[in-house]
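Residue-level structure breakdown
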Amino acid sequence: MKPNSRKTKKKFFHWIVLLLLAFILFSAATLFAVKNAGKLLVSFVEDQAVPYVLKTDDVAMGCMMAESLTLLIPSLVQINASPYKLAILFDFLSGSCAEFKAWEEELRYLRAIHNKNTVEAQDARILQKRYLNRAARRQLKGYLNFQKAYLEFSGDNCPVLDSWNEEFYWMIGLMDGLQAVMNDLASGGEANVPLDISLKVGRGARCLNNEKWWGMPDAIQAAIWINFPSYQPDGINPLQVLDSAVNTGLKQGMRIAQVVAAKIHIGRGDAESVKQIIRDNIQTRLNIATHPDFIFLDEVASIQLQAISDHMWTDATGKRTPIGAMGAFWDDPKNTVDTIDLIDIL
Amino acid sequence: MYLAPNVGHRLFVTLLLMITANTVLAVPKKMCVFDLLGANGPTYAQAKDYKTAALAWGVELGLKPYTSERVAAEDFKAGLCDAVMFTGIRARQFNSFTGSLDAIGAMPSYQHLKSVISTISAAKAAKLMVNESYEVAGVFPGGAAFMFVNDRNIDTVGELAGKRIAILDSDPAQVEMVTFVGASPVGTSIANMFSKFNNGSVDVTYGPAIVYEAMELYKGLEPNGGVIQFPLVQLTMQIMIRQAEFPEGFGQKSREFALGQFDSGVDLIKRYEKKIPQKLWIAIPEVEKTGYLEVFRQSRIRLRDKGIYNAKMLKLMRMLRCKKDPQQAECTSTDKE
């Protein structure tokens, strides 16, 4: 063999080996990236995106984002991720989106009653129940994801929650369960939500620090004790616990416990307490700044209280809360204004 | 545009009719609604649908939620509400005829209950719905109440003797029945009769299937308990109105509406019954069923004689049971209801 052709063959062989090595390394890198992309993505959303969104105030946008992405979240399991905690939050938000639509139908129902239009009222009730059913299904999925994320959850024992994220998703999971039950009961039970969720949620709320979580754990427990009086501990007044929980949140610029309190008082038929909560909500905004890291959650609370105010206004007057009148009510005493009797001038 | 006078008049009337076709004149009335969960509960949700229907009959109902049935009944009696929605047991003080629908062991199936409600909702039965100033304006199924026992061996009447049974103090029928079988009555309220079962304070409690999950009765059923597959009572929710406060014919329309809701109500009830696992149901042997039925029958007769159950309703229910199964011993008994 001539020396030049031997050299060429040797070079060719070296190039083949290099290409093969490069291919193997590239494949290994791709496999590594695919296998860990899911984890990285979930980690990014949990640690960066969610805290970022919690600082914003566009709840409507958050609602649309949740409705757009909720279907995709579980697919991350296929790339080696555990998206169940994220799913808890997205299911809750997308369930809330359906609830917003249900509230609008409730207002349409009330307007129809006010205008004595029976057909319109019946149609509104049908659509309201459909939206509540949708909300219940989504929130039940959120609760089931909560059970997958926290395998130890039985409602009797507390797991170790060793980070802010862990506690946050625990709290949202409890709210998923509670809302799923309430929305299913209100819509005729078609979503088949297990009714024992309520008592489990009440026990699960004990696992969170009340002060840290803006009074929400105590508010949830008080709600359960009021609905299930036989489970309330001796010597406890759940309405006082509820008041105290609301104040705990207010001091920190977080008003979400007010929503739980308002819904409890609605259930009890105590309209005056509901009005006072709404008044307090508006009043405290003047002198207690919202916690800057959780503006989104506080805004959700505002929207929910506005929905309650709209309900009360529409029931009484046929129209929702007027612009600028949040915190005021149609039957508030009118402020007297000094006037002059014109008889001496005319 | 020129319109001939009669055409213009007709056009005006047509437009007016179109506008008002779906709107009605309605008098405002208040209805107290009992629901353990208040305005957030399923009964209140049902009342909202009833309110819509009532609008078409000329009444605009303002709903007020009550989590205490006793307070709802008292407020109704005191005139704070013109109508009330509560259990048949509570309705008994206003109309013993419909209030005896919940008679112990009287209605073995939902078909029996539907037949009775259909019968009493007909126009022919209207005068039976009225007692003094009160009128029953609707009867809805509340679900069969089953006995939950902490020992599966309690499947005969005799085995109830000596057992602690939760009873509602407000219902003399329950006190009577429990005493008759030789059991120990333990006074409870709706709020705590299930937690007492779960913590072992009573051996037997009862309720519709919905409580199995909602009150976590599976805890009290561990390790060896069960649910006796025999309807103790057919619970009902009833609407009572102050007759003079409502337009003529309201009550009849309302009763027919309630009857129309029967099937969907029972569908929901059966969904809750399916949630109880099959292994927990305790089937009563046929030979023991006769024993249960006779104990219940004798209890009903005693309660009728004490003026607690209404004789006409008991007779109606007996006639229905015998129509569906003429071979029953009670149909030829000398002391039949």
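What you see is a predicted model; the values in this text were computed from it and never measured. For every chain, the first residue of the written sequence is number 1, and numbering continues from 1 along that sequence. As they are written, the chains are lettered A onward and the ligands numbered 1 onward, keeping that order. Since the coordinates come from a predicted model, pLDDT governs what is reported: local features require at least 70, and pairs of side-chain atoms require 80 or more to be given and counted, while whole-chain, interface and lining totals use all residues.

1. Quick look at the overall build of chain A
This is how the line gets drawn: Helix and strand labels come from DSSP, where a helix needs a run of H or I of at least four residues and a strand needs a run of E of at least two; each type is numbered from the N terminus. As a rule, residues whose C-beta atom has 12 or fewer other C-beta atoms within 10 Å are exposed, those with 20 or more are buried, and those in between are partly exposed; C-beta atoms are placed from the backbone. Whether two residues are in contact is decided by their C-beta atoms, placed from the backbone, lying within 7 Å.
In terms of helices and strands, chain A carries 11 helices and zero strands. Counting from the amino terminus, chain A carries its helices and strands in the arrangement α-α-α-α-α-α-α-α-α-α-α. Projecting the C-alpha coordinates of chain A onto the three principal axes gives extents of approximately 130 × 60 × 45 Å. Split into buried and exposed, the 346 residues of chain A put 43% on the buried side. Within chain A, contacts between residues separated by at least 24 positions form 69% of all contacts whose residues are at least 6 apart in sequence.

2. Describing the domain arrangement of chain A
All names here are of chain A. Here is the rule: Domain ranges listed in this record stem from an automatic or a database domain assignment. Side-chain classes are defined by residue name, with Ala, Val, Leu, Ile, Met, Phe, Trp, Tyr, Cys and Pro counting as nonpolar, Asp, Glu, Lys and Arg as charged, and the others, Gly among them, as polar.
Each domain of chain A was delimited in the assignment, giving domain 1 (53-208) and domain 2 (209-320). The centre of domain 1, based on its C-alpha atoms, is set 18 Å off from the matching centre of domain 2. Residue-level contacts link 24 residues of domain 1 with 26 residues of domain 2. Among the elements of the structure, α1 (3-54), α2 (59-69), α3 (84-114), α5 (164-186) and α6 (197-204) are those that each provide at least two residues to the side of domain 1 that touches domain 2. At six residues, the largest contribution of residues to the side of domain 1 that touches domain 2 is made by α3. Looking at the side of domain 1 that touches domain 2, its residues break down into 13 nonpolar, six polar and five charged.

3. Describing the confidence of the model for chain B
As a reminder, the rule being used: Scored from 0 to 100, pLDDT reflects the predictor's confidence in each residue.
Summarising the model, chain B shows a mean pLDDT of 90, and 93% of its residues fall at 70 or more. ipTM for the predicted complex: 0.85, alongside a pTM of 0.86.

4. Some points on the confidence of the model for chain A
When pLDDT drops low, the exact placement of atoms in the prediction is not to be read closely. When pLDDT is averaged along chain A, the result is 88; 95% of the residues meet or exceed 70. Looking over chain A, one finds the lowest element-wise mean pLDDT in α1 of chain A, namely 78, and the highest in helix α4 (residues 118-149) of chain A, namely 95.

5. Section: the interface of chain B and chain A
The parts lose accessible area when they come together, and the size of an interface is often stated as this lost area. Across the boundary between the two partners, chain B contributes 32 residues, which contact 29 residues of chain A. Put simply, the parts of the chain that give the side of chain B that touches chain A at least two residues each are α2 (42-56), β2 (59-66), α8 (193-198), α9 (210-214) and α12 (262-274) of chain B. Sorting elements by how many residues they give to the side of chain B that touches chain A places α2 of chain B first, with eight residues. Among the residues making up the side of chain B that touches chain A, the classes are represented as 15 nonpolar, nine polar and eight charged.

6. Describing helix α7 (residues 172-180) of chain B
Residue and element names in this part refer to chain B. The test is simple: Directions from the helix axis toward the C-beta atoms define the arc.
Considered for burial, the residues of α7 that qualify are Ala173, Gln174, Met177 and Val178. In a view along the axis of α7, the buried residues occupy a sector of 125°, so they form one face of it. A positive backbone phi angle near 85° is found at glycine 182, which sits one or two residues after α7.

7. Quick word on the domain arrangement of chain B
Residue and element names in this part refer to chain B. Here chain B is described as being made up of domain 1 (25-141 + 235-274) and domain 2 (145-233 + 281-332). The distance between the C-alpha centroids of domain 1 and domain 2 comes to 24 Å. Counting residues at the interface gives 21 residues for domain 1, matched by 26 residues for domain 2. Of all the secondary-structure elements, those providing two or more residues to the side of domain 1 that touches domain 2 are α5 (96-99), α6 (110-121) and α12.

8. Focus: the pairing of strand β9 (residues 226-242) of chain B
All names here are of chain B. What counts, and what does not: Here a strand pair is declared whenever DSSP counts at least two bridges between the two strands.
Taking burial as the measure, the 17 residues of β9 include 13 buried ones, the bulk of the element. Sheet topology places strand β3 (residues 83-87) next to β9; five bridges connect them, and they run antiparallel. When the sheet's bridge partners are listed, threonine 87 is paired in β9 with methionine 237. Pairing of strand β5 (residues 134-149) with β9 involves 13 bridges; the strand directions are antiparallel. Of the residues in β9, the one forming a bridge with glycine 143 is leucine 235. Pairing analysis gives two bridges linking β9 to strand β10 (residues 281-282), with the strands arranged parallel. Each bridged residue has a counterpart across the sheet, and for valine 227 the counterpart in β10 is tryptophan 281.

9. So, the nonpolar core
Here is the rule we go by: Any set of buried Ala, Val, Leu, Ile, Met, Phe, Trp, Tyr and Cys residues joined through C-beta atoms within 7 Å is what this text calls a nonpolar core.
Counting 175 residues, the largest nonpolar core has Ala219 and Ile220 of chain A together with Val84, Phe148 and Met240 of chain B as the members making the most contacts within it. Tallying contributions element by element places α3 of chain A first for this core, with 15 residues. Beyond its immediate chain neighbours, meaning those up to four positions away, valine 84 of chain B contacts Met31, Cys32, Ala72, Ala73, Phe76 and Met240 of chain B.

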